[in-house]
Amino acid sequence: MSDDKVLFDRVTKTFPVRAGRRASAGAVTALDQLTLGVRPGEFLVVVGPSGCGKSTLLDLLGGLSRPTSGEVLVDGRPVTGPGLDRGIVFQQYALLPWRTAAGNVAFGLEAKGVPRAERAELVAHHLDLVGLGGFAERYPHELSGGMKQRVAIARSLAYDPDILLMDEPFAALDAQTRDSLQDELVRIWQRTGKTIVFITHGIDEAVYLGQRVAVMTSRPGRIKQVIEIGLGDRGATEDVRSSDAFRHHRHEIWTLLRDEVRAAQSAERPAARPTVGRSGRTPWRALLDRSTPAPDSPGRSGDTRPGPADPVGVGPRAAAPEAGRSAGTAVDGGRTPAVADADADRAAPAATRTEEARVG
Ligand SMILES: Nc1ncnc2c1ncn2[C@@H]1O[C@H](COP(=O)(O)OP(=O)(O)OP(=O)(O)O)[C@@H](O)[C@H]1O
(Lines give C-alpha, C1' and ligand atoms only; values in the text may rest on other atoms or scores of the structure.)
Protein backbone atom coordinates (compact mmCIF):
# COMPACT_ATOMS: atom_id res chain seq x y z
CA MET A 1 0.00 0.00 0.00
CA SER A 2 1.26 3.49 -0.78
CA ASP A 3 2.05 6.00 1.99
CA ASP A 4 0.10 8.69 0.20
CA LYS A 5 -2.73 10.44 1.98
CA VAL A 6 -4.47 10.78 -1.37
CA LEU A 7 -3.87 8.74 -4.47
CA PHE A 8 -5.39 9.26 -7.90
CA ASP A 9 -4.70 5.87 -9.42
CA ARG A 10 -5.00 5.90 -13.25
CA VAL A 11 -8.14 7.98 -13.07
CA THR A 12 -10.15 8.59 -16.22
CA LYS A 13 -13.24 10.76 -16.21
CA THR A 14 -15.47 11.19 -19.23
CA PHE A 15 -18.67 13.21 -19.46
CA PRO A 16 -21.46 12.39 -21.88
CA VAL A 17 -22.33 15.37 -24.04
CA ARG A 18 -25.78 15.86 -25.53
CA ALA A 19 -26.19 16.87 -29.12
CA GLY A 20 -26.27 20.63 -29.52
CA ARG A 21 -27.04 23.01 -32.35
CA ARG A 22 -23.63 22.54 -33.89
CA ALA A 23 -22.43 19.22 -32.55
CA SER A 24 -23.58 15.64 -32.31
CA ALA A 25 -23.76 13.72 -29.05
CA GLY A 26 -20.53 12.27 -27.77
CA ALA A 27 -18.26 12.29 -24.76
CA VAL A 28 -15.67 14.62 -23.31
CA THR A 29 -12.65 13.01 -21.70
CA ALA A 30 -11.72 15.40 -18.93
CA LEU A 31 -9.05 13.24 -17.28
CA ASP A 32 -7.13 10.42 -18.88
CA GLN A 33 -5.35 7.80 -16.77
CA LEU A 34 -4.21 10.46 -14.34
CA THR A 35 -1.98 9.32 -11.49
CA LEU A 36 -0.99 11.61 -8.63
CA GLY A 37 -0.14 11.06 -4.99
CA VAL A 38 -0.47 13.61 -2.18
CA ARG A 39 1.61 13.07 0.94
CA PRO A 40 0.18 13.38 4.45
CA GLY A 41 0.32 17.00 5.62
CA GLU A 42 1.47 18.21 2.24
CA PHE A 43 0.48 21.49 0.57
CA LEU A 44 0.05 20.42 -3.04
CA VAL A 45 -0.93 22.89 -5.73
CA VAL A 46 -2.38 21.83 -9.08
CA VAL A 47 -1.99 24.19 -12.00
CA GLY A 48 -3.00 23.72 -15.63
CA PRO A 49 -4.61 25.32 -18.66
CA SER A 50 -8.26 26.23 -18.64
CA GLY A 51 -10.48 23.20 -19.14
CA CYS A 52 -7.75 20.64 -18.45
CA GLY A 53 -9.75 18.99 -15.68
CA LYS A 54 -8.53 20.66 -12.48
CA SER A 55 -12.00 21.08 -10.99
CA THR A 56 -12.97 17.61 -12.16
CA LEU A 57 -9.98 16.29 -10.21
CA LEU A 58 -11.06 18.12 -7.08
CA ASP A 59 -14.69 17.05 -7.46
CA LEU A 60 -13.58 13.42 -7.63
CA LEU A 61 -11.54 13.82 -4.46
CA GLY A 62 -14.43 15.63 -2.79
CA GLY A 63 -16.69 12.71 -3.70
CA LEU A 64 -18.97 14.97 -5.75
CA SER A 65 -18.55 12.68 -8.76
CA ARG A 66 -17.11 9.25 -9.52
CA PRO A 67 -14.29 8.23 -11.85
CA THR A 68 -15.18 6.52 -15.11
CA SER A 69 -12.26 4.20 -14.47
CA GLY A 70 -9.40 4.08 -12.00
CA GLU A 71 -9.67 4.94 -8.32
CA VAL A 72 -9.37 7.89 -5.99
CA LEU A 73 -8.07 6.69 -2.63
CA VAL A 74 -7.88 8.50 0.71
CA ASP A 75 -5.80 6.65 3.29
CA GLY A 76 -5.90 3.67 0.95
CA ARG A 77 -9.72 3.57 0.82
CA PRO A 78 -11.73 4.44 -2.29
CA VAL A 79 -13.69 7.68 -2.16
CA THR A 80 -17.37 6.83 -2.57
CA GLY A 81 -18.96 10.19 -1.76
CA PRO A 82 -18.52 13.42 0.21
CA GLY A 83 -17.27 13.05 3.78
CA LEU A 84 -16.34 15.14 6.79
CA ASP A 85 -12.73 14.05 6.37
CA ARG A 86 -12.58 16.42 3.36
CA GLY A 87 -13.49 20.10 3.53
CA ILE A 88 -14.03 22.05 0.32
CA VAL A 89 -13.54 25.77 -0.27
CA PHE A 90 -14.76 27.11 -3.62
CA GLN A 91 -14.01 30.33 -5.42
CA GLN A 92 -17.39 31.74 -4.50
CA TYR A 93 -17.92 31.86 -0.79
CA ALA A 94 -21.15 29.87 -0.73
CA LEU A 95 -22.06 31.30 2.65
CA LEU A 96 -25.62 31.15 3.94
CA PRO A 97 -26.77 34.80 3.73
CA TRP A 98 -29.26 34.47 6.58
CA ARG A 99 -26.61 33.30 9.01
CA THR A 100 -23.93 35.37 10.73
CA ALA A 101 -20.24 34.56 10.32
CA ALA A 102 -20.46 32.49 13.50
CA GLY A 103 -23.64 30.80 12.27
CA ASN A 104 -21.97 29.88 9.02
CA VAL A 105 -18.95 28.40 10.78
CA ALA A 106 -21.28 26.51 13.13
CA PHE A 107 -23.19 24.99 10.21
CA GLY A 108 -21.02 21.90 9.61
CA LEU A 109 -20.65 21.37 13.35
CA GLU A 110 -24.41 21.27 13.78
CA ALA A 111 -24.65 18.71 11.00
CA LYS A 112 -22.00 16.69 12.80
CA GLY A 113 -23.97 16.84 16.06
CA VAL A 114 -21.34 18.72 18.07
CA PRO A 115 -22.90 19.88 21.40
CA ARG A 116 -23.71 23.59 21.69
CA ALA A 117 -20.97 24.61 24.18
CA GLU A 118 -18.24 22.81 22.28
CA ARG A 119 -19.58 24.27 19.07
CA ALA A 120 -19.34 27.82 20.40
CA GLU A 121 -15.72 27.20 21.41
CA LEU A 122 -14.81 25.75 18.03
CA VAL A 123 -16.52 28.60 16.19
CA ALA A 124 -14.67 31.22 18.24
CA HIS A 125 -11.35 29.40 17.81
CA HIS A 126 -11.67 29.13 14.04
CA LEU A 127 -12.88 32.69 13.55
CA ASP A 128 -9.81 33.77 15.54
CA LEU A 129 -7.62 31.52 13.39
CA VAL A 130 -8.69 33.38 10.26
CA GLY A 131 -8.45 36.79 11.95
CA LEU A 132 -12.19 37.41 12.28
CA GLY A 133 -12.56 37.20 16.05
CA GLY A 134 -14.39 40.53 16.14
CA PHE A 135 -16.80 39.78 13.30
CA ALA A 136 -18.71 36.79 14.62
CA GLU A 137 -22.09 38.53 14.52
CA ARG A 138 -21.73 40.09 11.07
CA TYR A 139 -23.84 38.80 8.19
CA PRO A 140 -22.19 37.94 4.86
CA HIS A 141 -23.47 41.15 3.22
CA GLU A 142 -21.65 43.12 5.94
CA LEU A 143 -18.30 41.46 5.13
CA SER A 144 -15.76 42.17 2.38
CA GLY A 145 -14.92 39.50 -0.21
CA GLY A 146 -11.74 38.56 1.65
CA MET A 147 -13.61 38.29 4.94
CA LYS A 148 -16.27 36.09 3.37
CA GLN A 149 -13.60 33.78 2.04
CA ARG A 150 -12.02 33.70 5.51
CA VAL A 151 -15.39 32.63 6.94
CA ALA A 152 -15.60 29.90 4.28
CA ILE A 153 -12.13 28.68 5.25
CA ALA A 154 -13.01 28.77 8.96
CA ARG A 155 -16.20 26.82 8.25
CA SER A 156 -14.27 24.14 6.37
CA LEU A 157 -11.63 23.87 9.08
CA ALA A 158 -14.04 23.89 12.02
CA TYR A 159 -15.20 20.32 11.63
CA ASP A 160 -11.57 19.28 11.47
CA PRO A 161 -11.25 17.58 8.09
CA ASP A 162 -7.99 15.79 7.38
CA ILE A 163 -7.83 17.27 3.92
CA LEU A 164 -8.70 20.74 2.73
CA LEU A 165 -9.67 20.99 -0.96
CA MET A 166 -9.49 24.48 -2.40
CA ASP A 167 -10.74 25.30 -5.90
CA GLU A 168 -9.35 28.70 -6.88
CA PRO A 169 -10.45 30.13 -3.54
CA PHE A 170 -8.76 33.51 -4.01
CA ALA A 171 -9.40 34.05 -7.71
CA ALA A 172 -12.22 36.53 -7.20
CA LEU A 173 -10.27 38.71 -4.75
CA ASP A 174 -8.15 41.78 -5.38
CA ALA A 175 -4.37 41.34 -5.44
CA GLN A 176 -3.70 42.74 -1.96
CA THR A 177 -6.39 40.67 -0.28
CA ARG A 178 -5.18 37.63 -2.17
CA ASP A 179 -1.60 38.14 -0.97
CA SER A 180 -2.66 38.44 2.64
CA LEU A 181 -4.98 35.43 2.44
CA GLN A 182 -2.15 33.41 0.90
CA ASP A 183 0.01 34.32 3.90
CA GLU A 184 -2.78 33.40 6.28
CA LEU A 185 -3.35 30.10 4.56
CA VAL A 186 0.33 29.19 4.83
CA ARG A 187 0.21 30.08 8.53
CA ILE A 188 -2.96 28.04 9.05
CA TRP A 189 -1.46 25.10 7.20
CA GLN A 190 1.69 25.27 9.35
CA ARG A 191 -0.40 25.44 12.53
CA THR A 192 -2.92 22.73 11.68
CA GLY A 193 -0.79 20.30 9.65
CA LYS A 194 -3.70 19.66 7.25
CA THR A 195 -3.16 18.10 3.87
CA ILE A 196 -4.11 20.78 1.35
CA VAL A 197 -4.90 20.30 -2.34
CA PHE A 198 -5.17 23.72 -3.94
CA ILE A 199 -6.23 24.48 -7.52
CA THR A 200 -5.13 27.69 -9.18
CA HIS A 201 -4.61 29.43 -12.51
CA GLY A 202 -1.83 31.57 -11.09
CA ILE A 203 1.79 30.50 -11.42
CA ASP A 204 2.93 32.88 -8.68
CA GLU A 205 0.22 31.64 -6.36
CA ALA A 206 1.28 28.05 -7.08
CA VAL A 207 4.95 28.73 -6.37
CA TYR A 208 4.22 30.77 -3.24
CA LEU A 209 1.87 28.24 -1.67
CA GLY A 210 2.97 24.84 -2.83
CA GLN A 211 5.47 22.45 -1.35
CA ARG A 212 4.99 20.72 -4.67
CA VAL A 213 3.26 21.94 -7.79
CA ALA A 214 1.61 19.44 -10.13
CA VAL A 215 1.46 20.79 -13.67
CA MET A 216 -1.34 19.33 -15.81
CA THR A 217 -1.46 18.85 -19.56
CA SER A 218 -4.22 20.36 -21.68
CA ARG A 219 -7.38 18.23 -21.90
CA PRO A 220 -7.56 15.32 -21.51
CA GLY A 221 -5.79 16.13 -18.28
CA ARG A 222 -2.81 14.18 -17.08
CA ILE A 223 0.04 15.16 -14.81
CA LYS A 224 2.82 16.55 -16.95
CA GLN A 225 5.32 17.04 -14.14
CA VAL A 226 5.44 17.54 -10.40
CA ILE A 227 7.86 20.25 -9.26
CA GLU A 228 9.35 20.33 -5.76
CA ILE A 229 9.36 23.93 -4.57
CA GLY A 230 12.42 24.83 -2.53
CA LEU A 231 11.64 28.21 -1.02
CA GLY A 232 12.19 27.33 2.62
CA ASP A 233 10.13 29.05 5.31
CA ARG A 234 7.92 31.71 3.65
CA GLY A 235 7.83 33.72 6.88
CA ALA A 236 11.60 33.76 7.35
CA THR A 237 12.46 35.62 4.14
CA GLU A 238 11.56 39.27 3.76
CA ASP A 239 10.19 39.05 0.21
CA VAL A 240 10.11 35.47 -1.01
CA ARG A 241 8.46 36.47 -4.28
CA SER A 242 11.53 38.48 -5.31
CA SER A 243 14.02 35.73 -4.56
CA ASP A 244 16.05 33.93 -7.23
CA ALA A 245 14.54 30.61 -6.17
CA PHE A 246 11.03 31.99 -6.68
CA ARG A 247 11.89 33.29 -10.15
CA HIS A 248 13.50 30.00 -11.03
CA HIS A 249 10.39 27.99 -10.11
CA ARG A 250 8.13 30.50 -11.81
CA HIS A 251 10.08 30.14 -15.03
CA GLU A 252 10.18 26.35 -14.71
CA ILE A 253 6.39 26.10 -14.40
CA TRP A 254 5.71 28.72 -17.04
CA THR A 255 7.88 26.79 -19.49
CA LEU A 256 5.99 23.57 -18.75
CA LEU A 257 2.64 25.30 -19.16
CA ARG A 258 3.36 27.28 -22.31
CA ASP A 259 2.79 24.46 -24.78
CA GLU A 260 -0.23 23.20 -22.86
CA VAL A 261 -1.87 26.62 -22.94
CA ARG A 262 -1.30 26.81 -26.69
CA ALA A 263 -2.82 23.35 -27.15
CA ALA A 264 -5.83 24.23 -24.98
CA GLN A 265 -6.43 27.49 -26.80
CA SER A 266 -6.28 25.97 -30.26
CA ALA A 267 -8.61 23.16 -29.13
CA GLU A 268 -11.11 25.80 -28.05
CA ARG A 269 -11.24 27.19 -31.60
CA PRO A 270 -10.83 24.17 -33.86
CA ALA A 271 -12.61 25.64 -36.85
CA ALA A 272 -11.32 29.19 -36.65
CA ARG A 273 -8.47 30.35 -38.84
CA PRO A 274 -5.77 31.91 -36.70
CA THR A 275 -6.27 35.66 -36.60
CA VAL A 276 -3.03 37.50 -37.17
CA GLY A 277 -2.90 40.92 -35.60
CA ARG A 278 -0.82 43.88 -36.60
CA SER A 279 1.96 42.45 -34.52
CA GLY A 280 1.98 39.51 -36.92
CA ARG A 281 1.27 37.16 -34.04
CA THR A 282 -1.61 34.81 -33.45
CA PRO A 283 -4.04 35.53 -30.57
CA TRP A 284 -2.65 32.87 -28.28
CA ARG A 285 0.80 34.37 -28.65
CA ALA A 286 -0.55 37.77 -27.79
CA LEU A 287 -2.38 36.37 -24.76
CA LEU A 288 0.76 34.72 -23.51
CA ASP A 289 2.81 37.85 -24.14
CA ARG A 290 0.33 40.08 -22.40
CA SER A 291 -0.49 37.95 -19.44
CA THR A 292 2.58 35.84 -18.96
CA PRO A 293 5.74 37.66 -19.79
CA ALA A 294 8.94 35.71 -19.60
CA PRO A 295 9.00 35.19 -15.87
CA ASP A 296 12.31 36.91 -15.35
CA SER A 297 11.46 39.98 -17.39
CA PRO A 298 12.05 43.17 -15.38
CA GLY A 299 9.27 44.70 -13.35
CA ARG A 300 6.85 41.79 -13.66
CA SER A 301 7.97 39.58 -10.81
CA GLY A 302 5.00 38.69 -8.66
CA ASP A 303 2.58 39.74 -11.36
CA THR A 304 1.20 36.51 -12.73
CA ARG A 305 -2.18 36.30 -11.10
CA PRO A 306 -5.52 34.83 -11.78
CA GLY A 307 -7.87 37.32 -13.34
CA PRO A 308 -6.77 39.77 -16.02
CA ALA A 309 -3.14 38.69 -15.74
CA ASP A 310 -4.16 35.06 -15.67
CA PRO A 311 -1.88 33.05 -17.91
CA VAL A 312 -3.82 29.86 -18.10
CA GLY A 313 -7.46 30.60 -17.60
CA VAL A 314 -10.45 32.30 -19.00
CA GLY A 315 -12.06 33.67 -15.91
CA PRO A 316 -13.97 32.57 -12.86
CA ARG A 317 -16.10 29.49 -12.76
CA ALA A 318 -19.31 29.30 -10.85
CA ALA A 319 -19.26 27.34 -7.65
CA ALA A 320 -22.11 25.94 -5.67
CA PRO A 321 -22.57 25.19 -1.98
CA GLU A 322 -20.79 22.19 -0.56
CA ALA A 323 -23.64 19.86 -1.36
CA GLY A 324 -22.51 19.83 -4.99
CA ARG A 325 -20.51 22.05 -7.24
CA SER A 326 -23.01 22.60 -9.95
CA ALA A 327 -26.38 24.19 -10.15
CA GLY A 328 -27.09 22.04 -13.22
CA THR A 329 -27.45 18.36 -12.57
CA ALA A 330 -28.17 16.96 -16.00
CA VAL A 331 -24.99 14.97 -16.25
CA ASP A 332 -23.06 13.54 -13.37
CA GLY A 333 -23.71 16.39 -11.00
CA GLY A 334 -21.35 18.66 -12.93
CA ARG A 335 -22.06 21.44 -15.37
CA THR A 336 -24.66 20.59 -17.95
CA PRO A 337 -23.35 20.00 -21.47
CA ALA A 338 -25.38 22.99 -22.57
CA VAL A 339 -23.41 25.15 -20.18
CA ALA A 340 -20.13 23.58 -21.29
CA ASP A 341 -21.07 24.36 -24.89
CA ALA A 342 -21.89 27.91 -23.98
CA ASP A 343 -18.50 28.23 -22.27
CA ALA A 344 -16.75 27.08 -25.39
CA ASP A 345 -18.79 29.48 -27.50
CA ARG A 346 -17.83 32.39 -25.29
CA ALA A 347 -14.14 31.53 -25.14
CA ALA A 348 -13.24 32.30 -28.76
CA PRO A 349 -14.72 35.79 -29.00
CA ALA A 350 -13.15 36.69 -25.65
CA ALA A 351 -9.72 35.67 -26.90
CA THR A 352 -10.22 37.61 -30.09
CA ARG A 353 -11.29 40.70 -28.16
CA THR A 354 -8.13 40.50 -26.10
CA GLU A 355 -6.06 40.44 -29.26
CA GLU A 356 -7.91 43.44 -30.63
CA ALA A 357 -7.42 45.33 -27.41
CA ARG A 358 -3.74 44.65 -27.55
CA VAL A 359 -2.97 45.47 -31.13
CA GLY A 360 -5.74 47.93 -31.88
N1 LIG B 1 -20.72 17.92 -16.25
C2 LIG B 1 -20.00 18.04 -17.35
N3 LIG B 1 -20.51 17.66 -18.54
C4 LIG B 1 -19.78 17.76 -19.67
N5 LIG B 1 -18.51 18.23 -19.70
C6 LIG B 1 -17.96 18.63 -18.53
C7 LIG B 1 -18.67 18.57 -17.30
N8 LIG B 1 -17.86 19.03 -16.31
C9 LIG B 1 -16.70 19.37 -16.91
N10 LIG B 1 -16.76 19.13 -18.24
C11 LIG B 1 -15.70 19.32 -19.22
O12 LIG B 1 -14.54 18.66 -18.75
C13 LIG B 1 -13.39 19.43 -19.04
C14 LIG B 1 -12.66 19.75 -17.76
O15 LIG B 1 -13.44 20.67 -17.00
P16 LIG B 1 -12.93 21.29 -15.63
O17 LIG B 1 -13.97 22.21 -15.16
O18 LIG B 1 -12.53 20.19 -14.71
O19 LIG B 1 -11.61 22.06 -16.11
P20 LIG B 1 -10.74 23.13 -15.32
O21 LIG B 1 -9.32 22.80 -15.59
O22 LIG B 1 -11.15 23.21 -13.89
O23 LIG B 1 -11.17 24.45 -16.08
P24 LIG B 1 -11.06 25.98 -15.60
O25 LIG B 1 -9.62 26.21 -15.28
O26 LIG B 1 -11.48 26.76 -16.80
O27 LIG B 1 -11.94 26.16 -14.43
C28 LIG B 1 -13.88 20.68 -19.79
O29 LIG B 1 -13.76 20.43 -21.17
C30 LIG B 1 -15.32 20.78 -19.37
O31 LIG B 1 -16.11 21.41 -20.37
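About the criteria used
- Residues numbered from 1 in each chain as written.
- Predicted model: local features only at pLDDT ≥ 70, side-chain atom pairs only at ≥ 80, totals over all residues.
- Heavy atoms only, no water.
- Buried < 20%, exposed > 50% of the residue type's maximum accessible area, 1.4 Å probe, protein only.
- Helix = DSSP H or I, 4+ residues; strand = E, 2+ residues; numbered from the N terminus.
- Contact = heavy atoms within 4.5 Å.
- Pairing = 2+ DSSP bridges.
- Right-handed = clockwise from strand over helix to strand, strands pointing away.
- Axes fitted to C-alpha atoms, helices over the stretch in contact; angles between N-to-C directions.
- Parallel < 35°, antiparallel > 145°, perpendicular 65-115°, else oblique.
- Left-handed = near helix turned anticlockwise from the far one by under 90°.
- Nonpolar A, V, L, I, M, F, W, Y, C, P; charged D, E, K, R; others polar.

For the chain, an unreviewed UniProt entry supplies the name NitT/TauT family transport system ATP-binding protein and the organism Micromonospora palomenae.

**Q** Give a description of helix H2 (residues 101-112) that names residues and reports values.
**A** Of all the positions in H2, only Ala101, Ala102, Gly103, Asn104, Val105, Ala106, Gly108 and Leu109 are classed as buried. Residues of H2 that are buried in the fold lie against helix H3 (116-129) and helix H4 (145-158). One or two steps after H2, the chain reaches Gly113, where phi turns positive at roughly 80 degrees.

**Q** Give a detailed account of the pairing of strand S7 (residues 163-167), specifying residues and quantitative values.
**A** Summarising burial for S7: 5 of the 5 residues are buried, a large majority. Burial of S7 is two-sided: the residues Ile163, Leu165 and Asp167 facing one way and the residues Leu164 and Met166 facing the other way are all buried. Where strand S6 (residues 86-89) lies against S7, 4 bridges are found, and the strand directions are parallel. When the sheet's bridge partners are listed, Arg86 is paired in S7 with Ile163. Bridge count between S7 and strand S8 (residues 195-200): 5 bridges; the pairing is parallel. Bridge pairing in S8 links Leu164 to Ile196. What joins S7 to S8 is helix H5 (residues 175-192), and the crossover it makes is right-handed.

**Q** Which residues make up the packing of H4 against H5, and what are the values?
**A** Direction vectors running N to C along H4 and H5 enclose 20 degrees, while the axes themselves pass 11 Å from each other. Comparing the axis directions of H4 and H5 gives the class roughly parallel. Regarding H4 and H5, the two cross each other, and that crossing is right-handed. Residues Gly146, Gln149, Arg150, Ile153 and Leu157 of H4 touch H5, and the partners they reach there are Thr177, Ser180, Leu181, Glu184 and Ile188. Class assignment of the residues belonging to the contact of H4 with H5 gives a composition of 4 nonpolar, 4 polar and 2 charged.

**Q** With reference to specific residues and values, describe the sheet that holds strand S2 (residues 26-38).
**A** Here we have 4 strands laid out as an open sheet, ordered S2-S1-S4-S5, and antiparallel in their pairing. Strands at the two margins of the open sheet, each flanked by one partner only, are S2 and strand S5 (77-78). Contacting strand S1 (6-17), S2 and strand S4 (69-74), helix H1 (residues 54-62) crosses the sheet at an angle of about 115 degrees to S1.

**Q** Please provide a residue-by-residue account of the packing of H2 against H3, values included.
**A** Orientation of H2 relative to H3, taken along the N-to-C sense of each, is 125 degrees, at an axis distance of 9 Å. By the angle class used here, H2 and H3 are oblique. In this structure, H2 meets H3 at a crossing whose hand is right-handed. For the pair H2 and H3, contact is made by Ala101, Ala102, Val105, Ala106, Leu109 and Glu110 and by Arg119, Leu122, Val123, His126 and Leu127, respectively. Each residue belonging to the contact of H2 with H3 can be placed in one class, and the counts come to 8 nonpolar, 1 polar and 2 charged.

**Q** I'd like a rundown of the sheet that holds S7, residues and numbers included.
**A** Strands belonging to one sheet form pairs held by backbone hydrogen bonds; the direction of such a pair is parallel or antiparallel. Taken together, the 6 strands give an open sheet; going across it, the order is S6-S7-S8-S3-S9-S10, and neighbouring strands pair in mixed fashion. Where the open sheet ends on each side, the last strands, each with one partner, are S6 and strand S10 (223-228). Strand-to-strand twist in this sheet, taken as the mean axis angle between neighbours without regard to direction, amounts to 15 degrees. As defined by bridge partners, strand S3 (residues 43-47) adjoins strand S9 (residues 212-216) across 4 bridges and the pair is classed as parallel. Within S9, the residue paired with Val47 across the bridge is Val215. Across the sheet, H1 lies against S3, S6, S7, S8 and S9, angled at about 150 degrees from S7, the strand it touches most.

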